[in-house]
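Here are the chains, one letter per residue:
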Amino acid sequence: MFPDFIFETSWEVCNKVGGIYTVLSTRAKTLQEKMRDRVIFIGPDCWNGGSSPYFTEDRNLFPEWKQVAEDEGLNVKVGRWDIPGQPMAFIVDFKPFGNIKDDIFTQLWNQYQVDSLHAYGDYEESALFAYATARVVESFYKYHLSADKNVVFHANEWQTGFAVLVLQQLVPQIASVFTTHATCIGRSIAGNNKPLYEYLWAYNGDQMAGELNMQSKHSIEKQTAHNVDCFTTVSEITAKECAELLDKPTDVVLPNGFEDDFVPKGAKFTAKRKEARRRLLDVANALTGSKLDDDTLIISTSGRYEFRNKGLDVFIEAMNRLNYDDKLQKNVVAFIEVPGWVAEPRKDLQERLSGEWKSETPLHEPMITHWLHNMEEDRVLGMAHSLNMRNGKDDRVKLVFIPCYLNGDDGIVNLPYYDLILGNDLCVYPSYYEPWGYTPLEAVAFKVPCITTDLAGFGLWANEVKGSYSEIEDGVKVIHRTDYNYSEVADAIRDTVAKYSSFSKTNISKARSNAEKLSKKALWSEFITYYEKAYGIAFENMQKRMV
């Protein structure tokens, strides 16, 4: 049973924050082709009266309903999300509901025992956005849709869980799907340096929520999981986490797919790869006073600045060990591309990059492209310095930290991430906690072989596709990782990079081709069937709930 109409919401609709933006924005094209303007994405108005750079308002869409919504106290911008497929989107102003937040929280406690007493940080904003979203869906449904339509409401992450619960009271005939992309407690356990996997069976989610001061976020996530019509997550590894920490098995696993229509083809791909490599090498040379040429092996890691969870610590350790490895056949420049607390782009680096620079003298702090507000406390710089990594003249491996969002106007690199990633020879994502892992999927889509771990959903999937542990020749090297084998993981990364540095052009071409072939198996056209199953389960359980 496929829906006649879908509402889907996330804090990251028209709001580029992290991986969920990629999930929704790439899947939207497939949904649009299947349902043409019968799917509406709903996101928060985070711009204080300004406009989202990812959204175009269209006053010709639903003008009569928009007036009705305004009369009901709902402030909504109607338009389209500026992504492939151009799906319809609503941007919701949730701030006016702050005046009744206590009433909202009381109602959710009385009906679902959602604990809002321990709320802090982004909890309140998220709850108000979710409540406003439920009200907007109710209003639109009653004006434009009818009871004979099969309608699904799909909420992503704990931030929008409130919307599921409120909507079940307002419009119970709408079937609901809830996807947790990573449990609050699982991410927190891992981020607080506690062993997650070996002792997963022994953790009590409610108890850990109290210990980690996560009671409110855990409460809304858990209650939504237990009351939604279809509960889903993104990988088998996170499904185990949900069953243990939320006391609720998932109904369906929805692996994250991808669209590759923005990957350049042919001569354009070659030109962009050359441009990216030239820019990356220019930055590294200007920082370090080196003369790294195009034969240099360019490596990167990227993602959120979660030092342990994303494996930034083990990446730095591996690069340090690689510097002293006799098997390394090429010079290496390794980039860490994660957004930190940026103060400004370095003016001395800008001057070198813009002029006829001849000096072979390294800059002061030849490891970072932008000054930070917290230079002394930054964990990447701190670990590199503790290992005495200095980007010296004789170092075979140079480490460069680009601590900003790569959106094309950072002041140093000035290329967007998707134009930069194809300049790499290898990408490394040695995650300790990674429910899926979009960064390695993006890498292989751009023909860049990568290294990841079997604690990432993508790594497990790559192994499943091969039928055994995937190797770098297959396009993805999957390293076995546990709570305690940090040093072995660092050695495996070092050894894989050294091995790749000795590959012939033929072997490199095969690895790059296999990486691209693997990415084709993760296109949304392949994975959308899992969503169809989830929608069917949601309708079945909604009908049972209505009896």
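For the structure itself, look to the data block above.
Residues numbered from 1 in each chain as written. Predicted model: local features only at pLDDT ≥ 70, side-chain atom pairs only at ≥ 80, totals over all residues. Heavy atoms only, no water.

Draft legend 1. Here's a closer look at the overall build of the protein. Scanning the protein from terminus to terminus reveals 19 helices and 17 strands. Over its C-alpha atoms the protein spans a radius of gyration of 24 Å, differing by no more than 12% from the 24 Å that the globule rule assigns to 547 residues. For the C-alpha atoms alone, the extent of the protein along its principal axes is close to 70 × 50 × 45 Å. Buried positions account for 60% of the 547 residues belonging to the protein. The long-range fraction of contacts in the protein, counting pairs at least 24 apart against all pairs at least 6 apart in sequence, stands at 74%. On the protein, the mean spot of the 60 positive side-chain charges and the mean spot of the 77 negative ones are 6 Å from each other. (Helix = DSSP H or I, 4+ residues; strand = E, 2+ residues; numbered from the N terminus. Rg over C-alpha atoms; globule rule 2.2 N^0.38 Å. Buried < 20%, exposed > 50% of the residue type's maximum accessible area, 1.4 Å probe, protein only. Contact = heavy atoms within 4.5 Å. Lys, Arg positive; Asp, Glu negative; His and termini not counted. Charge placed at Lys NZ, Arg CZ, Asp CG, Glu CD.)

Draft legend 2. Structural view of the pairing of strand β10 (residues 297-302). Burial analysis of β10 places six of its six residues in the buried class, which makes it a mostly covered element. Of the two faces of β10, both are covered, the one formed by Leu-297, Ile-299 and Thr-301 as well as the one formed by Ile-298, Ser-300 and Ser-302. Two elements, β10 and strand β11 (residues 332-337), share six bridges in a ladder whose sense is parallel. Across the sheet, the residue bridging to Ser-300 is Phe-335, located in β11. Each parallel crossover has a hand, and for β10 linked through helix α11 (residues 312-322) to β11 it is right-handed. In the sheet, β10 pairs with strand β15 (residues 426-428) via two bridges, with the strands oriented parallel. From the neighbouring strand, Ser-300 faces β15, where its bridge partner is Cys-427. (Pairing = 2+ DSSP bridges. Right-handed = clockwise from strand over helix to strand, strands pointing away.)

Draft legend 3. Up close: the side chain of Arg-27. Turning to its location among the elements, Arg-27 is positioned in helix α1 (residues 19-35). Not counting chain neighbours up to four residues away, the residues in contact with Arg-27 comprise Glu-8, His-154, Trp-524, Ile-528 and Tyr-531.

Draft legend 4. Examining the sheet that holds strand β2 (residues 39-44) more closely. An order of β3-β4-β5-β2-β1-β6-β7-β8-β9 is seen for the nine strands of this open sheet, with the pairing classed as mixed. The sheet is open, and its two borders are formed by β3 (55-57) and β9 (252-253), each paired with just one other strand. When strand β8 (residues 230-233) meets β9, the two strands line up parallel, connected through two bridges. Among the inter-strand pairings, Thr-232 is bridged to a residue of β9, identified as Val-252. Packed on one face of the sheet, α1 meets β1 (5-9), β2, β4 (75-81) and β6 (151-156) and runs near 170° to β1. (Axes fitted to C-alpha atoms, helices over the stretch in contact; angles between N-to-C directions.)

Draft legend 5. Summary view of a nonpolar patch on the surface. A cluster of nonpolar side chains, contributed by Tyr-199, Trp-201 and Tyr-484, occupies part of the molecular surface with about 410 Å² of accessible area. By secondary structure assignment, the location of Trp-201 is in the loop between α6 (184-191) and α7 (205-211). A relative accessible area of 64% places Trp-201 in the exposed class. (Patch = residues over 30% accessible without salt bridge, like charges linked within 9 Å, V, L, I, M, F, W, Y side chains within 5 Å. Areas by Shrake-Rupley, 256 points an atom, 1.4 Å probe, with all protein chains shown as cover. Salt bridge = Lys/Arg side-chain N within 4 Å of Asp/Glu carboxyl O.)

Draft legend 6. Representation of the sheet that holds β15 within the structure. In spatial order, the strands read β14-β11-β10-β15-β16-β17; together these six strands make up an open sheet with parallel pairing. Each edge of the open sheet is held by one strand with a lone partner, namely β14 (397-401) and β17 (476-479). Across the sheet, the axes of successive neighbouring strands diverge by a mean angle of 20°, strand direction being ignored. As paired strands, β15 and strand β16 (residues 450-453) are joined by two bridges and run parallel to one another. Note that in β16 the partner of Cys-427 across the bridge is Cys-450. Sheet strands in contact with α11 are β10, β11, β14 and β15, and its direction is about 170° off that of β11.

Draft legend 7. How the structure looks around the pairing of β8. Side-chain alternation along β8 places Cys-230 and Thr-232 on one buried face and Phe-231 and Thr-233 on a second face that is also buried. The sheet contact formed by strand β7 (residues 175-180) and β8 spans four bridges and is parallel. Among the inter-strand pairings, Phe-178 is bridged to a residue of β8, identified as Phe-231. For the segment spanning β8, helix α9 (residues 236-245) and β9, crossover handedness is right-handed.

Draft legend 8. Here's a closer look at the packing of helix α4 (residues 123-144) against helix α5 (residues 161-170). Two elements in contact, α4 and α5, have axes whose closest approach is 8 Å; the angle formed by their N-to-C orientations is 35°. You can see that α4 and α5 cross each other, and the crossing is right-handed. Contacts between α4 and α5 pair Tyr-123, Ala-127, Ala-130, Tyr-131, Ala-134, Arg-135, Val-137 and Glu-138 from the former with Phe-162, Ala-163, Val-166, Leu-167 and Leu-170 from the latter. Its residues assigned to classes, the contact of α4 with α5 comprises 11 nonpolar, no polar and two charged. (Left-handed = near helix turned anticlockwise from the far one by under 90°. Nonpolar A, V, L, I, M, F, W, Y, C, P; charged D, E, K, R; others polar.)

Draft legend 9. Local environment of the pattern of salt bridges. Counted by the stated rule, this structure contains 36 salt bridges. Where Arg-494 meets Asp-325, a salt bridge forms, and the shortest distance between an N and an O atom there is 3.5 Å. Note that Arg-494 is positioned in helix α17 (residues 486-501) and Asp-325 in the loop between α11 and β11, a separation of 169 residues in sequence. Linked through salt bridges whose partners overlap, the residues forming this network are Glu-317, Arg-321, Asp-325, Asp-491, Arg-494 and Asp-495.

Draft legend 10. Up close: the state of the cysteines. In total, this model carries zero disulfides according to the counting rule given. There is no disulfide at Cys-404, and the cysteine sulfur nearest it, in Cys-427, is 16 Å away. The buried category is assigned to Cys-404, whose relative accessible area is 10%. Note on Cys-450: no disulfide assigned, nearest cysteine sulfur contributed by Cys-427 at a separation of 6.9 Å. (Disulfide = S-S within 2.5 Å.)

Draft legend 11. Just the environment of Leu-245, in detail. Within the secondary structure layout, Leu-245 lies in helix α9. In this structure Leu-245 comes out as buried when scored by relative accessible area, which is 0%. With residues near it in sequence (within four places) discarded, Leu-245 still touches Thr-183, Ile-185, Gly-186, Ile-189, Leu-200, Tyr-203, Gly-205 and His-218.

Draft legend 12. The environment of Arg-273, seen in detail. Locating Arg-273 in the fold gives a position in helix α10 (residues 266-288). Sequence-wise, Arg-273 and Pro-63 are 210 residues apart; in three dimensions their C-alpha atoms are separated by 45 Å. Ignoring any residue separated from it by four or fewer positions in sequence, one finds Arg-273 in contact with Leu-422, Gly-423, Asn-424, Asp-425 and Arg-512. Side-chain polar atoms of Arg-273 contact the backbone oxygen of Asn-424, separated by 2.9 Å. (Polar contact = N/O pair within 3.5 Å; in protein donor to acceptor, adjacent residues only side chain to side chain.)

Draft legend 13. Quick look at the packing of α11 against α17. Running from N to C, α11 and α17 cross one another at 55°; their axes reach a closest spacing of 8 Å. When the interaxial angle is binned, α11 and α17 end up oblique. In terms of crossing hand, the pair formed by α11 and α17 is right-handed. Of the residues in α17, those in contact with Asp-313, Val-314, Glu-317, Ala-318, Met-319, Arg-321 and Leu-322 of α11 are Tyr-486, Ser-487, Val-489, Ala-490, Asp-491, Ile-493, Arg-494, Val-497 and Ala-498. Residues of the contact of α11 with α17, tallied by class, amount to 10 nonpolar, one polar and five charged. (Parallel < 35°, antiparallel > 145°, perpendicular 65-115°, else oblique.)

On their own, these measurements won't tell you what the molecule is for.
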